[in-house]
Each structure stands twice: as C-alpha cells, then as structure tokens.
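Descriptive analysis of the structure
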Amino acid sequence: MNNNLKEQVLRSSGVNVLKCMRCGKCSGTCPSYDEMEYHPHQFVYMVEKGDIETLMNSKSIYKCLTCFACVERCPRNVEPAKVVEAVRLAAIRKQGNNHLIADNIPEMLDEDLPQQAIVTAFRKYTK
Amino acid sequence: MNTFTYYPGCTLRTKAKDLDAYARASAEALGITLEEPENWQCCGGAYTTAKDEIATKLSAVRTLNAAKEAGRPLITVCSACHNVIKQTNYDISNDEEMAAKVNNYLKLDEAYTGETTVYHYLEMLRDVVGFDNLKKKVVNPFKGKKIAAYYGCLLLRPGKALAMDDPENPSIMEDFIKAIGGTPVIYAQRNECCGGYITMEDKAQASKRSAKVMDSAQEQGADMIITACPLCLYNLKKNSGSDLPVYYFTELLAEALGLKEANNE
C-alpha cells in the first residue's frame, strides 16, 4: 500500500471516499461502463484501500468522458469523476507518461473535427 | 443595460463559425449587444476538477475578470466553454485556497473572487429577452416540426455549478423550441454524453454513444436534433451512423427570426 500516493489522490480530488456506501449507481449510469476494466465505484474503494497503482496502470483512466453523470447522480455526493481525474493526473504527471503526443495528432484529424476535441483531449491526456 | 461581454471560444472561430454567426445576428435582432473582450484565450475545453491544478484554470479566470472589469455579465454559446467558465467561477467563489492561489499568480488590480454573472446564450434568451418576447419576434415559425433538444453533459452538470436548469429534467431548450414555433420531443438520452473527446482515440466508443442518442431521438419521432456544442454536433453527425439532421440551436433561431439567408453566404 502506497500511503503517499493515496494521500496525493485524496488531496488532489478533494473527495472523501469514506462517504461511499457502495450502491453502484455511479457505475450503473457511467456511459463508459463497457469500456472500463475498473468502474467508478471501484475507483472509489480502491483509492480507499490505497490500491492506486493498479488504477494508474489501467486504461480505464482514459475512458472516463468527464460527463459528470456519476457526480450528479451519487446519492452521497462522493463525486467519483474527481477521483478518476486525480488518478489519471497522478499517472500522466510522471515523466514520459503522456497519453497523447502532439506528433500523433495530425493523423487523428479530419476536416470536421472541432478544435474543442483536440484541446480537451490534451487537457485530459497530457501534461 | 443590454450589452454583454461575449466569449466565443476557439471552435466558434474555426469549425463552428455558424454557431457564432447566427448567435451574433440573432442577438442584434433581439436588441442585445455583444462585445468581445480583447485578447481572450481558449478555455481549455474541459474543466480540471483537481484541487492542485491552478494553471489550467487561469484562462477562464481572465475571461471572467475581463467581464468584471467591463462591468457586464458574460455570455457564452459553446457548451464546453460555458461548462469550464461556470465551474471555474463556482470554485473561485467557494474555494478560498484556489482563489488565493489564482489571485497570487494573476496579480490583478483587484482580486477576482467570482463577481461575474455568467449566462449561456439560452439563459440570455430565457432570462433577459424572455421566451414570450422571442415568440413575438418570430417570422418563420417551425410549425409542425418535431425538434429534439440535445443537452448532452456539459450544459447541465455538475448541477450545483452550472445551475441552468434541473439537470435530470431540463426544460430550457424545449421552451426555446416552443418559442420558435416547433414541437419539442422528449427522449431518454437527451442529457447523456455523446462520447465527447473520446472520438480522438476510440471511434468505436464515440459511435456507440452518439448512435444511442440519435436512435433515442428518432424513436420518439424527431425530425431534427439541436445542440449548443460543436463536439456533440460532430459526434452526432459523423460518428452515429444516423441521418437525422443535426443543427446548432442558433441556426434555428436565426431562421425563425428571418435572418438566415443574410448570414448563410
């Protein structure tokens, strides 16, 4: 268990993971549920357990769409998306661990893709 | 009194020029003056919720402060810009540590602590113009047209920061549709995500999400779907596989007000 990493994620997210009552509503409403190895409610309890590195190494951190459905619908106001974000930041802040590389952008473009998609992906995937 | 600071954002200058042009023309016709601040910066596209992220929030604070210095409310059109700016304004109003760090860096003449009122263009129509007044100015009503409002995620959530409407049962876009003479279509997926930026690296996921939205609207008999978001428009048009027409709400507004030909060169 890595206490330092756990503390970093708790501080960065501002989330009190102990408020979670494991109802699973966040995962039930998540539009990326099928694409995720670990689901929003699992993020919350794995952070509580201090199992952060497993999450950091999972592709699940890049599947969250930041749609805030889990934040809005949580009956205990736990805000799971903020936990996902804090774990993703812990991962991409590591040197050489950017998920999106500028050199790879041109091949992702088409004539209609809005700039909004590119800047948002950069904000989410890259430091 | 009816002059507002207007923030277009990066995409309205490039791939979503229609969203911007129809918004400006319609505002003018409704007696609203929109003034763009000088040297505005891109909002960043997504709000970073992490408390230890400050630099990524500065451009939104600069925009909010420009409106404050001009002494005017701020109007946004793009759903993403609106979301980022509203969440920034909410946090700087409620999180003293974040406000202190931001102001320590920006060194403004007067600290910014959330003074600016932010309206999405739809809120301006509802709260400043009034949908009843808008209705009176419509010359080309969308009679008999069944129009599905697509809110997506960014306009409504998180509800405590966005505070535009009921995040689970919104009505502002349906009321807009009624004001321009159309018939709103209520469908299950109207406030679920289109897939957003995942289209950059996972087209299959974006297709799955956007197809769900389009199929849900079509099942309820929609003739067309409207959005305020350039990325929603892209996903719904390009990734859904559906041929249901998708328009910016400002395009329908301009058409209803009889302005479309003049601005549709």
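Reading the values: rules and limits
- Residues numbered from 1 in each chain as written.
- Chains lettered and ligands numbered in written order.
- Predicted model: local features only at pLDDT ≥ 70, side-chain atom pairs only at ≥ 80, totals over all residues.
- Helix = DSSP H or I, 4+ residues; strand = E, 2+ residues; numbered from the N terminus.
- Rg over C-alpha atoms; globule rule 2.2 N^0.38 Å.
- Domains from an automatic or database assignment.
- Contact = placed C-beta atoms within 7 Å.
- Nonpolar A, V, L, I, M, F, W, Y, C, P; charged D, E, K, R; others polar.
- Pairing = 2+ DSSP bridges.
- Axes fitted to C-alpha atoms, helices over the stretch in contact; angles between N-to-C directions.
- Parallel < 35°, antiparallel > 145°, perpendicular 65-115°, else oblique.
- pLDDT = per-residue confidence, 0-100.
- Buried ≥ 20, exposed ≤ 12 C-beta atoms within 10 Å, placed from the backbone.

When its secondary structure is counted, chain A shows 7 helices and 0 strands. Each helix and strand of chain A, placed in order from N terminus to C terminus, yields the pattern α-α-α-α-α-α-α. Its C-alpha atoms give chain A a radius of gyration of 15 Å, near enough to 14 Å, the size a compact globule of 127 residues would have. The principal-axis extent of the C-alpha atoms belonging to chain A is close to 45 × 30 × 20 Å.

As a further point, take the domain arrangement of chain B. Residue and element names in this part refer to chain B. On domain assignment, one finds that chain B holds domain 1 (3-121) and domain 2 (133-263). Computed over C-alpha atoms, the centres of domain 1 and domain 2 are 23 Å apart. Each partner contributes to the interface: domain 1 provides 22 residues, whereas domain 2 provides 19 residues. Taken together, the elements giving at least two residues each to the side of domain 1 that touches domain 2 come down to α1 (17-29) and α3 (79-94). Taken together, the residues of the side of domain 1 that touches domain 2 break down into 12 nonpolar, 7 polar and 3 charged.

Turning to the sheet that holds strand β1 (residues 3-7) of chain B, a few remarks are in order. Two pairing modes exist for strands in a sheet, parallel and antiparallel, and in both the strands are linked by backbone hydrogen bonds. Residue and element names in this part refer to chain B. The strand order across the open sheet formed by 4 strands is β2-β1-β3-β4, and the pairing between neighbours is parallel. Each edge of the sheet is formed by a strand with only one pairing partner; in this case those strands are β2 (33-35) and β4 (118-120). The sheet shows a mean angle of 40 degrees between the axes of neighbouring strands, taken without regard to direction. The pairing of strand β3 (residues 74-76) with β4 spans 3 bridges and is parallel. Note that in β4 the partner of I75 across the bridge is Y119. Its contacts with the sheet put helix α2 (residues 58-70) on β1 and β3, and the angle it makes with β1 is roughly 165 degrees. Contacts from α3 reach β1, β3 and β4, with the element oriented near 155 degrees to β4.

What follows covers the domain arrangement of chain A. By convention, interface size is frequently given as the accessible area that disappears when the constituent parts associate. All names here are of chain A. What the domain assignment reports for chain A is domain 1 (3-94) and domain 2 (100-127). Here the C-alpha centre of domain 2 lies 24 Å away from the C-alpha centre of domain 1. In this complex, domain 1 contributes 4 residues to the contact, which on the side of domain 2 involves 4 residues. Of the residues assigned to the side of domain 1 that touches domain 2, the class counts are 2 nonpolar, 1 polar and 1 charged.

Turning our eyes to something else, we now look at the packing of helix α9 (residues 203-219) of chain B against helix α10 (residues 230-239) of chain B. All names here are of chain B. Their axes nearest at 8 Å, the elements α9 and α10 cross at an angle of 95 degrees. Classified by the interaxial angle, the pair formed by α9 and α10 is roughly perpendicular. Where α9 approaches α10, its residues K203, A206, S207, S210, V213 and M214 are matched on the opposing element by N235, L236 and N239. Broken down by class, the residue content of the contact of α9 with α10 amounts to 4 nonpolar, 4 polar and 1 charged.

Attention shifts here to unusual backbone geometry. Of note, the amide linkage connecting B:R157 to B:P158 takes the cis form, showing an omega dihedral of -10 degrees. You can see B:P158 is positioned in the loop between β5 (146-149) and α7 (159-162). Despite not being glycine, A:E79 shows a phi value in the positive range, around 65 degrees.

Tallying the contact residues gives 35 residues for chain B and 30 residues for chain A. Of all the secondary structure elements, the ones that give two or more residues to the side of chain B that touches chain A are α9 and α10 of chain B. For the side of chain B that touches chain A, the element with the highest residue contribution is α10(B), accounting for 4 residues. Of the residues contributing to the side of chain B that touches chain A, the split by class is 16 nonpolar, 12 polar and 7 charged.

Next up on the list: the sheet that holds strand β8 (residues 246-248) of chain B. All names here are of chain B. What the 4 strands build is an open sheet, ordered β6-β5-β7-β8; its pairing is parallel. Unpaired on one side and paired on the other, β6 (183-185) and β8 mark the two borders of the sheet. Across this sheet, the average inter-strand angle for adjacent strands is 40 degrees, counted without regard to direction. As defined by bridge partners, β5 adjoins strand β7 (residues 224-227) across 3 bridges and the pair is classed as parallel. Counterpart to A148 in the pairing with β7 is I225. On the sheet, α10 packs against β7 and β8 and is oriented at approximately 165 degrees with respect to β8.

Residue and element names in this part refer to chain B. Interhelical geometry of α2 versus α3 gives an angle of 85 degrees and a closest axis separation of 9 Å. Our classification of the angle between α2 and α3 gives roughly perpendicular. Judged by residue contacts, A60, V61, T63 and L64 of α2 engage V84, I85, T88, N89 and I92 from α3. The class makeup of the residues in the contact of α2 with α3 is 6 nonpolar, 3 polar and no charged.

Further remarks concern the confidence of the model for chain B. Of all residues in chain B, 98% have pLDDT values of 70 or greater, and the mean over the chain is 96. Scored by ipTM, the complex comes to 0.96, with pTM at 0.97.

What follows deals with helix α8 (residues 172-179) of chain B. All names here are of chain B. Burial analysis of α8 places 6 of its 8 residues in the buried class, which makes it a mostly covered element. Of all the positions in α8, only I172, M173, E174, F176, I177 and A179 are classed as buried. If you follow the buried residues of α8, they end up packed against α5 (121-129), α6 (131-137), β5, β6, β7 and α11 (249-256). The positive-phi residue at the C-terminal boundary of α8 is G181, with phi of around 90 degrees.

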